[in-house]
Amino acid sequence: MADINELAEKKLKSRMTKIRKCNRDPEEKQKFSEKFGTSFEIEFQNKNPDKLTDGLTIITSPTGKVLFADYFYQIPEEEEYTSIPVTDKQLKAILEFFDDYKLELDESD
């Protein structure tokens, strides 16, 4: 069996080929986008991350609708972890906070 790093590089190359094709062809992008949602994690800054880690996990549909959101709280030293579902009211506040957020490359170098 191939090394996991080789397999990952091969798969990434395949995914990038597909993404570039989608960037050139809106119809292909539409078809490809229908097959996945997005999952991301927001980790809050803590003064001592060895003692506390907390944040949000959000999963969306392909159209960007939030399907699931929870708050996680972890005490790494004690290997304790819990998560709590985010209510609709809390989610509205979170989405409002990130309303003008946009992913961009950091070109300051």
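Residues numbered from 1 in each chain as written. Predicted model: local features only at pLDDT ≥ 70, side-chain atom pairs only at ≥ 80, totals over all residues. Heavy atoms only, no water.

A.B. asks: So what exactly am I meant to see when it comes to unusual backbone geometry here?
C.D. replies: Most peptide bonds are trans, and most residues other than glycine sit at a negative phi. Unlike most non-glycine residues, Glu79 shows phi in positive territory, near 55 degrees. Tracing the chain through its elements places Glu79 in the loop between strand S3 (66-75) and strand S4 (80-85). Here Glu79 falls in the exposed class, since its relative accessible area comes to 72%. (Helix = DSSP H or I, 4+ residues; strand = E, 2+ residues; numbered from the N terminus. Buried < 20%, exposed > 50% of the residue type's maximum accessible area, 1.4 Å probe, protein only.)

A.B. asks: Where do I start with the nonpolar core in this structure?
C.D. replies: Buried together is how nonpolar side chains tend to be arranged in soluble globular proteins. Residues Ile42, Leu56, Ile58, Ala69, Val86, Leu91 and Ile94 constitute the largest nonpolar core, which totals seven residues. For this core, the secondary structure elements donating two or more residues are strand S2 (53-60) and helix H3 (88-97). Those residues in contact with Ala69, other than ones at most four positions away along the chain, are Thr57, Ile58, Pro85, Val86 and Leu91. (Core = buried A, V, L, I, M, F, W, Y, C linked by side-chain atoms within 4.5 Å. Contact = heavy atoms within 4.5 Å.)

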